[in-house]
Amino acid sequence: EVEPEQSKKTYTHDDLKALCLAKSREDLANKPKLKALLKEFGAVKAVDVLEHDLAKLIGRIESGEF
């Protein structure tokens, strides 16, 4: 069964790490922005982000709001 795109996807810390890595490789200027965004969520590393904040944080990174 395939879930529709609009439904809540369950993200993991690995998803966040992979996305951050991809964005920082895309443009090195993104690295400090991503670190600042993590800090906004009270985290130093991707693994420090609280489970309930993962989807919100990943959404912001994917939309370029960081």
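The structure we're discussing is the one just above.
## A short note on the overall build of the protein chain
Then, number 1: Helices and strands together make up the secondary structure of the protein chain, namely three helices and zero strands.
Then, number 2: Tracing the protein chain from N to C terminus, the helices and strands come up as α-α-α.
Then, number 3: Total accessible area computed for the protein chain in this model is approximately 5,000 Å², and 53% of it derives from carbon and sulfur atoms.

## Section: the environment of Lys56
Then, number 1: Turning to its location among the elements, Lys56 is positioned in helix H3 (residues 54-62).
Then, number 2: Placed 15 residues apart in sequence, Lys56 and Phe41 show a C-alpha to C-alpha distance of 9.9 Å.

## Examining the layout of surface pockets
Then, number 1: Here the largest pocket is characterised by a volume of approximately 270 Å³.
Then, number 2: Lining the largest pocket, in full, are Lys17, Cys20, Leu21, Ser24, Lys31, Leu34, Lys35, Leu38, Val44, Lys45, Ala46 and Val47.
Then, number 3: Grouping the amino acids of the lining of the largest pocket by side-chain chemistry returns seven nonpolar, one polar and four charged.

## Notes on the pattern of salt bridges
Then, number 1: Evaluated as defined, the whole model comprises three salt bridges.
Then, number 2: Salt-bridge contacts for Lys17 lead to Asp14; the nearest nitrogen and oxygen are separated by 3.6 Å. Here Lys17 and its partner Asp14 are both found in helix H1 (residues 13-26), three residues apart, which amounts to about one turn of the helix.
Then, number 3: For the salt bridge of Glu40 with Arg60, the shortest nitrogen-to-oxygen distance reads 2.8 Å. Of this pair, Glu40 sits in helix H2 (residues 30-40) while Arg60 sits in helix H3; the two residues are 20 residues apart in sequence, bridging distant segments of the chain.

## What to know about the packing of H2 against H3
Then, number 1: In contact at an axis separation of 11 Å, H2 and H3 are set at 155° when each is read in the N-to-C sense. Classed by the angle they form, the pair H2 and H3 counts as roughly antiparallel. Of the two elements, H2 crosses H3, and the hand of that crossing is right-handed. Of H3, the residues touching H2 (which contributes Leu34, Leu37, Leu38 and Glu40) are Leu57, Arg60 and Ile61.
Then, number 2: Considered class by class, the residues forming the contact of H2 with H3 number five nonpolar, no polar and two charged.

Thresholds, definitions, all that
Residues numbered from 1 in each chain as written. Predicted model: local features only at pLDDT ≥ 70, side-chain atom pairs only at ≥ 80, totals over all residues. Heavy atoms only, no water. Helix = DSSP H or I, 4+ residues; strand = E, 2+ residues; numbered from the N terminus. Areas by Shrake-Rupley, 256 points an atom, 1.4 Å probe, with all protein chains shown as cover. 1 Å grid on protein atoms, 1.4 Å probe; cavity = no way out; pocket = protein on both sides within 12 Å on 5 of 7 lines; lining within 4 Å. Points joined across faces, edges and corners; volume = space filled by probe spheres on them. Nonpolar A, V, L, I, M, F, W, Y, C, P; charged D, E, K, R; others polar. Salt bridge = Lys/Arg side-chain N within 4 Å of Asp/Glu carboxyl O. Axes fitted to C-alpha atoms, helices over the stretch in contact; angles between N-to-C directions. Parallel < 35°, antiparallel > 145°, perpendicular 65-115°, else oblique. Left-handed = near helix turned anticlockwise from the far one by under 90°. Contact = heavy atoms within 4.5 Å.

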